[in-house]
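Each chain is listed here by its residues.
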Amino acid sequence: MSDSENNDAHELLLLSESPYDTPDPHKALQDPEGLSAVGGDLTTTRLLHLYSKGFFPWFSDPDPILWWHPEQRCVLIPEHFHASKSLKKACRKENWMYSVNHSFESVIDYCSALRADKEGTWISNDIKAAYTKLHKLGYAHSIEIWLDEKLVGGFYGVAMGKMFFGESMFSLHPNASKIALKTFCDLTKDCHIELIDCQVESEHLLSLGAKQLPRNDFCAALTDLIPKIEKNLKLINIGKNSGKCPL
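Below, the structure is looked at part by part. Counting restarts for each chain, with residues numbered from 1 along the sequence as it is written. Residues qualify for local features only when their pLDDT is at least 70, as the model is predicted, and side-chain atom pairs are given and counted only at 80 or more; totals for whole chains, interfaces and linings, by contrast, use all residues. For side-chain calculations, the full set of non-hydrogen atoms in the structure is used, while hydrogens and water are omitted.

Backbone-to-backbone hydrogen bonds pair the strands of a sheet. The strands run either parallel or antiparallel. Spatially, four strands are ordered 1-2-4-3 in an open sheet, and the strand pairing comes out mixed. At either margin of the open sheet sits one strand with a lone partner, and together these are strand 1 (13-14) and strand 3 (56-57). Where strand 2 (residues 35-38) meets strand 4 (residues 66-68), three bridges bridge the pair, whose relative direction is antiparallel. Each bridged residue has a counterpart across the sheet, and for V38 the counterpart in strand 4 is L66. Strand pairing is assigned whenever DSSP identifies at least 2 bridges connecting the two strands. Counting from the N terminus, the helices are DSSP H or I runs at least four residues long and the strands are E runs at least two residues long.

The next subject is the packing of helix 2 (residues 44-52) against helix 5 (residues 125-136). Two elements in contact, helix 2 and helix 5, have axes whose closest approach is 10 Å; the angle formed by their N-to-C orientations is 80°. Taken together, the axes of helix 2 and helix 5 lie roughly perpendicular to each other. Packed against helix 2, whose contacting residues are T44, L47, L48 and Y51, the element helix 5 presents A130, Y131, K133 and L134 at the interface. In this count, Pro and Cys sit with the nonpolar residues alongside Ala, Val, Leu, Ile, Met, Phe, Trp and Tyr, while Asp, Glu, Lys and Arg are called charged and the others, Gly among them, polar. When its residues are assigned to classes, the contact of helix 2 with helix 5 shows six nonpolar, one polar and one charged. Note on method: axes are straight lines fitted to C-alpha atoms, helices fitted across the in-contact stretch only, with angles between N-to-C directions ranging 0 to 180 degrees. The cut-offs work like this: below 35 degrees is roughly parallel, past 145 is roughly antiparallel, 65 to 115 is roughly perpendicular, and the gaps in between are oblique. Any two residues whose heavy atoms approach within 4.5 Å at even a single point are treated as in contact.

A separate point is the sheet that holds strand 6 (residues 97-100). Sheet architecture is open: eight strands sit in the order 11-5-10-9-8-7-6-12, paired in mixed fashion. Bordering the open sheet on either side are strand 11 (211-214) and strand 12 (245-246), each of which pairs with just one other strand. Pairing geometry for strand 6 and strand 12, over two bridges, is antiparallel. In the strand pairing of strand 12, Y98 is matched with C245. Set on the sheet, helix 8 (residues 215-225) makes contact with strand 5 (72-76), strand 8 (150-160), strand 9 (163-171), strand 10 (195-199) and strand 11; between it and strand 11 the angle comes to about 85°.

Okay, the side chain of S99 next. Checked against the element boundaries, S99 lands in strand 6. Among the polar contacts listed, one links the side chain of S99 to the side chain of E144, at a separation of 2.4 Å. The term polar contact refers here to a pair of N or O atoms within 3.5 Å; inside protein, the definition further demands a hydrogen-donor-capable atom paired with an acceptor-capable atom, and it admits residues adjacent in sequence only when both atoms are side-chain atoms. Looking at S99, its side chain comes within polar contact range of the side chain of W146, at 2.8 Å.

Side-chain rings of Phe, Tyr and Trp (the six-membered ring for Trp) are treated as a pair once their centres are within 6.5 Å; stacked means planes under 30 degrees apart, edge-to-face means over 60, and tilted covers the remaining angles. Applying the stated criterion across every chain, the model contains nine aromatic pairs. Between F164 and F184, the aromatic rings sit 4.7 Å apart at their centres with planes inclined by 55°, giving tilted as the arrangement. Taken together, the residues span a long stretch of sequence, with F164 in strand 9 and F184 in helix 6 (residues 176-191) at a distance of 20 residues. Of the residues examined, F184 reaches a relative accessible area of 0% and is grouped as buried. Counting every residue linked through ring pairs, the aromatic cluster contains Y51, F104, Y131, Y156 and F165. In this structure, K244 is placed above the aromatic ring of W146, and the distance from its NZ or CZ to the ring centre is 3.9 Å. Burial classes: relative accessible area under 20% of the type maximum marks a residue as buried, over 50% as exposed, and values in between as partly exposed (1.4 Å probe, protein chains only). Here, over-ring charges are defined by two tests on the NZ atom of lysine or the CZ atom of arginine: distance to the ring centre within 6 Å, and angle to the ring normal within 35 degrees.

In structure tokens, the structure reads:
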């Protein structure tokens, strides 16, 4: 294939004002890998539409909004979560408590602040506002881990149909974020979530049982698990009907 033909196969789409404007994931750039579109906004309608098609926003101010759809997607099947001996020991060692949607804004604040201290963060004030609105509408959720009444770990993400799209996690105590993910995997049977999108692979996620899924297979899973954009009412009810619970 010539260079010109190869370039024609990949394009960066400038999103229009329509919240339903949809890039072709198979035309995502190869460098940087997975970059599909630029622009648009973070309205609820656009976010939910693009999430349902497998895209996620990832950018840093003052850059424009960038939308990604990696060729290889890091995913976790909940029942394949791997709890090491050391993690199981850590679960027994402390009096951990967990909650669902108890402190969403604190979770996203911690995820932002801790990443900013280390390598910089994409979780800007605009991102916080957009996902907090999704949370209030019943689409974004947080899992929290507590020790001695203190929030020490957790993560947040978006749930639609039988999918959960993980966004970011934090830990203020050893193993707290791992325990948050384990706890959520244990809850997925009750809310019929069959696949967790972890977006981009890391050794940390792979060690917990995540795997790489080719783009074609990931898109097929989305079609199967999100037949239409709707809230996961069972996950919402878990949050409403339970406070801080022991592991």
